[in-house]
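Coordinate analysis (summary)
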Amino acid sequence: MSGDTRTLGRSAGRAPMVPARYRVAERIVETHDIVTLALVPLDEPIAEPAPGQFTMLFAFGGGEAAISVSGSSGEDVPLRHTIRAGGPGTRALCALVPGTTVGVRGPFGVGWPLAEAEAADVLVIGGGIGFAPLRPVVHHLLGHRPRYGRLAVLVGARSPGGVIYTDELEVWRRRGDVTVATCVDVPERGWQGDVGVVSELIGRVSFAPDRAVAFLCGPEIMMRVVAARLLDAGLDPHRVFVSLERNMHCAIAHCGHCQLGPLFVCADGPVVSWARAAPLLAVRRW
Amino acid sequence: MASIGDLLARQPLLASLDRDDVDRLADCGHIEVFADGSLLAREGEPADWFYVIRGGRVALELASPAGSPLGIETLGWHDMVGWSWIFPPHLWTCDVRAIGTTRVIAVNGGCLRRRCDDDPAFGYRLMRLFARLAAERLHATRLRLLDLYERDHVG
Amino acid sequence: MTDRMPAAVVATDARTAVQGLITALRQHGFTVIGPRRRGEAIVLEVLHAVDDLPLGLTDEQEAATYRVVTGDGRSLFGYAVGPQSPRRYLSPPRRTLWTGERAGLDFVVRTRDPDPPAYAFLGIRACELAAIDVQDRVLRDGRYPDPDYSAARERAFFVGVNCAAPAPTCFCTSMGTGPEVRQGHDLVLTELLDDVRHELLMAAATDRGAAVLDAALDGMPWRHAGPRDLEAVQDIVTTSAAQMTRRLDAETARDTLAANLDHPQWDDVADRCLSCTNCTLVCPTCFCSSVEDVTSIDGERTERLERWDSCFTLGHSTLHGMGSVRGDVRSRYRQWLTHKLSTWWDQFGTSGCVGCGRCIAWCPAAIDLTAEVAAMSGPVAS
């Protein structure tokens, strides 16, 4: 390489494709293939992520993966990511032990529009690993409870073993000012929660459709089904928000991989209203 | 105080019926409360009722030779449980157990069948509604079979 | 162009003038890049002297056809565009983003300040300048300016040439991007070539351009351009513009494609398209790239490398564990064309196409995007 070669220490002014180094402070096993990593900065930290934003996490030798932030500013270690071991990048991240250095670029993307939820009834609906980007939303809503109407947190998973943040869900359930329901496709003996598709929980929750906002995250099919159910129940598609996923690669709207029609999902999303997303997703394979 | 017809009319599916039809259902119905753990229905027994849940939850289960029963599905507020009253042999196909204190409107199947026979037009409207309920329940079941969360359809 | 710019001049001998330009540019510290014959094509490479240019040569281009042939034997710029564009230099096919070295559980990140060469592009066409403007919006003027591109762009010098020999594949006239060089240049040249003379009209559009022009003219015969010279330039431009038979209206194409995402024509072109990525490689505005980790065998050192990529590859739209979103040729071709001509407007406020016609010439299946759009227009559509 020509030009100056220098070791990036605590200097500012990082180019957008160059990571900041963080150390894994804590590794929490959520399920058999889902891990939460809590990160502390070694270099100058990145800007504080908003709920719904994501970072590009780099494990040495494992490449980068786009991971939504699952932590919030009120926590002891605020920068957290909940990762499901899928491809080689995420498998490498899930295998990291505390003390390992990782690269972090970001935060990127448009996050959840929490301002839309003020004075409204809010439904937070997540499925599988999709609940992770919604965890900071719940923190925010509960942290500012009087600003919002009725709150419902609805979580879907394949089986009881696939539910993340089980302890926290229980703490929220016990508060009494938020409805928390967990629904599995396939129950196990002793399961006390609901059994079925998470969209069915919507009919069992009380809300005023003309004053309601929904935040959805999960597999695309799940989001389609849930959104359809919400629209059926009378919600405005401009007030239903989903977190889209495409091939996030550079995360800065340069590489072109994540495009969905006119949207760069990394920069115009990943959070978009259902009104905007639905016609784009309806064009198969665009 | 709300009548049974008023309560039934709030159920989303039943809300699509005329109030007259809802009242016909109400005529065959009464309010019932089930204690936690008690059975609203037992597999193989005569299915004389369907239930509209007004509070609490129920678990649809199949008893297992050993160990606890296998859960099929849970239903809650506003859900309708039971369609075996419609066709012979009029037998429940699974257990229905109350989770927590469960309040329902119980509608008698025999009463309704006679009303449908006497008034086929009403019967047609009612069957259409139950067909829709079954279709929705089937679609939901199919979605569960797809294993959406773990087959790498990552959100 | 400001009023302060010196008036256009005419150098009496075109060859000498271009040599003077090359010398002046090199003296000003530029690496001169321009058209050069390399094998069977005219590419963009380093020029050391005027004789490096494809003197007297021209090209024959049509769908799936490109040939370099002998022309009038005298002209310096008597051909249209070849397979390469300035994007090759401003946004190189491979670059290192950063390197890392592991130390136990830790690693260090090594980076460098951008220091691209100062390129002077000699013989650049109006369509290519339009393409650079399009790429500016993507890589320099958006939310995340690319530091390497921005630096290269800042340093780059452009000597435009008014086309006298457009190819049948060109359609810049209908796209409003040429053939006359009107923006983005430091200098513009027009060859005035007939039986009795071979002159070069030269005009500066920037202070930098004027300074280089001054230096170039030193010691060679020239005169101020008169009305007849300027008329001659307009004649050349008008003739070139009129020669183009292919047409594409940028705004109509945008709307037509947006309204026809399931038109049967997509199946038709999918039967012909080989998904070979040629069009994206030759296109001067394409910007898709991929980032790769190249790790040493012992796993101790890694290099993050960015390289050109194409939306025609299966890997471009992979969702891990699920395969490609655009798993068939039909959806990949549709992505390329609807992006280039339609959604590019939503993203960047212009068309992504500048009418250079390279994709038509270099498609081995002879797919012509102007014909594809035409096939989707008309009463049956929308």
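Heads up: the structure comes first, above all this text.
Residues numbered from 1 in each chain as written. Chains lettered and ligands numbered in written order. Predicted model: local features only at pLDDT ≥ 70, side-chain atom pairs only at ≥ 80, totals over all residues. Heavy atoms only, no water.

**A closer look at the nonpolar core**
Inside soluble globular proteins, nonpolar side chains tend to come together where they are buried. Leu123(A), Ile125(A), Leu154(A), Leu216(A), Leu230(A), Leu244(A) and Phe121(C) are the most contacted members of the largest nonpolar core, which totals 96 residues. In terms of residues, this core owes the most to one element, helix H3 (residues 126–139) of chain C, which gives 9 residues. Not counting residues within four places of it along the chain, the set of residues in contact with Leu230(A) comprises Leu123(A), Ile125(A), Ile202(A), Ala214(A), Leu216(A), Leu235(A) and Val240(A). If you look at the next biggest cluster of nonpolar residues, it comprises 40 residues, including Ala24(C), Val50(C), Phe77(C) and Val212(C). (Core = buried A, V, L, I, M, F, W, Y, C linked by side-chain atoms within 4.5 Å. Buried < 20%, exposed > 50% of the residue type's maximum accessible area, 1.4 Å probe, protein only. Helix = DSSP H or I, 4+ residues; strand = E, 2+ residues; numbered from the N terminus. Contact = heavy atoms within 4.5 Å.)

**Re the environment of Leu244(A)**
By the element assignment, Leu244(A) lies in the loop between strand S13 (240–243) and strand S14 (259–260). Expressed as a C-alpha distance, the spacing of Leu244(A) and Cys266(A), which sit 22 residues apart in the sequence, is 9.1 Å.

**Section: the state of the cysteines**
The final tally for this structure, using the stated rule, is 1 disulfide over all chains. No disulfide involves Cys183(A); its sulfur sits 16 Å from that of Cys94(B), the nearest cysteine. The thiol sulfur of Cys217(A) is not disulfide-bonded, and the nearest other cysteine sulfur, from Cys258(A), lies at 16 Å. (Disulfide = S-S within 2.5 Å.)

**Some words on the packing of aromatic side chains**
One pass over the full model with this rule turns up 29 aromatic pairs over all chains. Centre to centre, the rings of Phe50(B) and Trp85(B) are 5.7 Å apart; their planes meet at 25 degrees, and the pair counts as stacked. Here Trp85(B) lies in the loop between strand S5 (80–81) and strand S6 (95–108) and Phe50(B) lies in strand S3 (residues 49–62), a separation of 35 residues in the sequence. For Phe50(B), a relative accessible area of 1% translates into the label buried. Assessed through its relative accessible area of 0%, Trp85(B) is described here as buried. Where Tyr119(C) meets Phe121(C), the ring centres are 5.9 Å apart and the plane angle is 45 degrees; that geometry is what we call tilted. In this pair, the class of Tyr119(C) matches that of Phe121(C), namely buried. An aromatic cluster is built from Phe58(A), Phe60(A), Trp98(C) and Phe107(C), whose rings are joined through pairwise contacts. The positively charged end of Arg135(A) is found above the aromatic ring belonging to Tyr165(A), 5.2 Å away from the centroid. A cation sits over an aromatic face here: Arg87(C) above Trp308(C), 3.8 Å from the ring centre. (Phe/Tyr/Trp six-rings, centres within 6.5 Å; stacked < 30°, edge-to-face > 60°. Lys NZ or Arg CZ within 6 Å of the ring centre and 35° of its normal.)

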